[in-house]
Amino acid sequence: DRTCHTDRMDVLYFLKERTELIRHFYGSASTPMVETKRLIEAGEAPFHDPPFDDSGEPAYLSEWLRADVELELVGRAAVSMLSEALKQFFVNWERRTLPGDRPCQRAKPKEFAGGFVAGYASCFGEAFGLDWTACPARLDVVEQVVLARNLSQHSDLVLDQVEHDSRTRSKYDRPFFMRPDELTFDDGNPNSFMSPSLHINRDLLFKAIEQVEVLCTWVQEGIEGSWHKQRALS
């Protein structure tokens with residue numbers, strides 16, 4: 001046994017330290033944009049006296065749209081941090097418990113081709129006897145955290161909106177990170193030109209963080225249970 005029990009306990013602790021940081025980051029960074037949109041919609045100062053405009057567009061539309069884009073960027077940054085925190089949780093457990101360099105990737109190349117969540121689920125399932133059918137976390141949400149992170153890294157210079165790609169839509173007809181009023185008119189056809197946009201607001205982000213924490217708590221408890229069984233038999 002290469003590690004001690006206290007080392008293993010630290011992995012979940014630091015994961016939760018990071019997820020709490022992500023919550024705080026989103027709350028702090030999003031506040032100015034949320035307030036700007038609220039002030040515009042309420043017609044409060046400094047948006048209470050719009051200049052004359054005969055275009056027919058709502059007053060302060062450009063300011064509202066800019067705040068909306070900035071809010072989306074904060075969400076994308078937060079979900080990217082969440083995806084990386086989840087990956088590092090698995091990586092740290094892998095380093096502490098399994099011999100060699102990147103043993104899971106070497107043992108499960110096909111599974112990792114579908115994403116690191118699927119790869120580590122398969123590897124840890126075998127290594128520690130984890131029954132993933134008993135996992136209390138919503139794995140579909142956790143997987144979409146990683147997909148959302150990948151999408152957010154490939155945004156267009158001209159278009160602020162990021163759409164869900166065919167890979168996401170082939171697996172999830174209604175992606176988790178989308179606007180509640182945005183419907184898929186394509187009946188789940190991933191090849192259709194219609195596609196919902198990537199949308200990460202506070203409610204969706206915090207629900208995803210919760211599912212990541214549920215998953216990591218369950219994984220760590222399973223690994224520690226396996227470790228205790230091995231020690232009892234030795």
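Anything mentioned here points back to the structure above.
Remember, it's a predicted structure, so these values are computed and weren't measured experimentally.

Novice: Mind laying out the side chain of Asp68, listing which residues take part and the relevant values?
Specialist: Residue placement: Asp68 occurs in helix α2 (residues 61-97). Sequence-distant contacts of Asp68, defined by excluding residues within four places in its chain, comprise Lys37 and Arg179.

Novice: Now, about the side chain of Gln211: what can you tell me, with residues and values included?
Specialist: Checked against the element boundaries, Gln211 lands in helix α8 (residues 202-233). Residue class for Gln211 comes out buried when judged on its relative accessible area of 15%. Those residues in contact with Gln211 that lie beyond four places of it in its chain are Pro136, Ala137, Arg138, Val141 and Val142.

Novice: Tell me what's going on with unusual backbone geometry, and back it up with residues and numbers.
Specialist: Cis geometry marks the peptide bond from Ala45 to Pro46, where omega comes out at 5°. Residue position: Pro46 is located in the loop between α1 (5-42) and α2. A positive phi angle is found at Tyr60, which is not glycine, with a value near 60°. Its location among the elements puts Tyr60 in the loop between α1 and α2. If you check the backbone angles, Arg102 has positive phi at about 50° while not being a glycine. Here Arg102 is to be found in the loop between α2 and α3 (103-107).

Novice: Would you mind going over helix α6 (residues 139-152) in detail, with residue names and values included?
Specialist: Quick reminder: α-helices carry 3.6 residues per turn. Residues three or four places apart thus point the same way. Between the first and last C-alpha of α6 there are 20 Å, a value that for 14 residues agrees with the 20 Å anticipated at 1.5 Å per step. Taken together, the buried positions of α6 are Val141, Val142, Gln144, Val145, Val146, Leu147, Ala148, Leu151 and Ser152. Against α2, α5 (116-128), α7 (166-171) and α8 lie the buried residues of α6.

Novice: Mind laying out the environment of Pro103, listing which residues take part and the relevant values?
Specialist: By the secondary structure assignment, Pro103 is in helix α3. Distance from Pro103 to Cys123, taken between C-alpha atoms, is 8.8 Å for residues 20 residues apart in sequence. When residues no more than four places from it in sequence are discounted, the contact partners of Pro103 are Glu94 and Leu98.

Novice: Give a detailed account of the packing of aromatic side chains, specifying residues and quantitative values.
Specialist: For the structure on display, the rule yields 11 aromatic pairs. With a centroid separation of 5.1 Å and 5° between ring planes, the pair formed by Phe90 and Tyr120 is classed as stacked. Of the two residues, Phe90 is situated in helix α2 and Tyr120 in helix α5; the sequence distance between them amounts to 30 residues. Residue Phe90 shares its accessibility class with Tyr120, and that shared class is buried. Through successive ring pairs, a cluster of aromatic residues spans Phe89, Phe90, Phe112, Tyr120, Phe124 and Phe128.

Definitions and cut-offs
Residues numbered from 1 in each chain as written. Predicted model: local features only at pLDDT ≥ 70, side-chain atom pairs only at ≥ 80, totals over all residues. Heavy atoms only, no water. Helix = DSSP H or I, 4+ residues; strand = E, 2+ residues; numbered from the N terminus. Contact = heavy atoms within 4.5 Å. Buried < 20%, exposed > 50% of the residue type's maximum accessible area, 1.4 Å probe, protein only. Expected span 1.5 Å × (residues − 1). Phe/Tyr/Trp six-rings, centres within 6.5 Å; stacked < 30°, edge-to-face > 60°.

Keep in mind these values describe shape, not function.
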